[in-house]
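Coordinate analysis (summary)
As a plain string of letters, each chain reads:
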Amino acid sequence: MSVAFGGTLGCGPLADLVESALQHEGITRLRDRIHGPDQGCCTVLVDSLGERTVLVIDDSEAVRTA
């Protein structure tokens, strides 16, 4: 199946990690990287009862463009 990434990719160490993973999997990036912000980070905490807490720090993926 052909797959492409249409999200926003910034510049910085986290964005470089995402870019590397996309290239490794042969996934085409549809948009140019934006200069300035890095990628954000999402951490999921799960307690002993299975309840989830999601901690999100958004960055370039929160930037919307046409």
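Scroll up to find the structure.
Read on for a plain summary of the structure. (Residues numbered from 1 in each chain as written. Predicted model: local features only at pLDDT ≥ 70, side-chain atom pairs only at ≥ 80, totals over all residues. Heavy atoms only, no water.)

Side note on the overall build of the protein chain
Cut-off, in case you're wondering: For helices the rule is a DSSP run of H or I covering at least 4 residues; for strands it is a run of E covering at least 2, with both sets numbered from the N terminus onward.
Helix and strand counts for the protein chain stand at 1 helix and 4 strands. When the elements of the protein chain are put in sequence order from the N terminus, they spell out β-α-β-β-β.

A look at the side chain of Asp38
Applied cut-off: For each residue, the accessible area found with a 1.4 Å probe, counting protein chains only, is set against the maximum for its type, and the residue is called buried under 20%, exposed over 50%, and partly exposed in between. Note that His is not counted, nor are the chain ends; the positive residues are Lys and Arg, and the negative ones are Asp and Glu. Think of a salt bridge as a Lys or Arg side-chain nitrogen and an Asp or Glu carboxyl oxygen that are within 4 Å of each other. Identification of polar contacts relies on pairs of N or O atoms within 3.5 Å, with a donor-acceptor requirement for protein atoms, meaning one able to donate a hydrogen and the other able to accept it, and with residues adjacent in sequence counted only if both atoms are side-chain atoms.
Mapped onto the fold, Asp38 is located in the loop between β2 (28-29) and β3 (41-46). Although Asp38 is buried, it forms no salt bridge, and the closest oppositely charged side chain is Arg33 at an N-O distance of 6.2 Å. From its side chain, Asp38 meets the backbone nitrogen of Leu14 in a polar contact 3.2 Å long.

Some words on a nonpolar patch on the surface
The condition is simple: Without a salt bridge and with relative accessible area above 30%, a residue can belong to a patch; like charges are then joined within 9 Å and nonpolar side chains (Val, Leu, Ile, Met, Phe, Trp, Tyr) within 5 Å. Shrake-Rupley sampling with a 1.4 Å probe provides the accessible areas, and residues are treated as covered by the protein chains on show and by no other component.
Together, Val44, Val46, Val54 and Val56 make up an exposed nonpolar region whose accessible area comes to about 350 Å². Within the fold, Val46 resides in strand β3. Judged by its relative accessible area of 53%, Val46 falls in the exposed class.

Observations concerning the pattern of salt bridges
For the coordinates displayed, the defined rule picks out 2 salt bridges. The partner of Asp16 in a salt bridge is Arg33, and the shortest N-O contact between them spans 2.8 Å. Of the two residues, Asp16 is situated in helix α1 (residues 13-24) and Arg33 in the loop between β2 and β3; the sequence distance between them amounts to 17 residues. The exposure class assigned to Asp16 is partly exposed, which follows from its relative accessible area of 42%. Across the salt bridge formed by Arg29 and Glu19, the nearest N and O atoms sit 2.9 Å from each other. Here Arg29, found in strand β2, pairs with Glu19, found in helix α1; they are 10 residues apart in sequence, far enough to count as distant.

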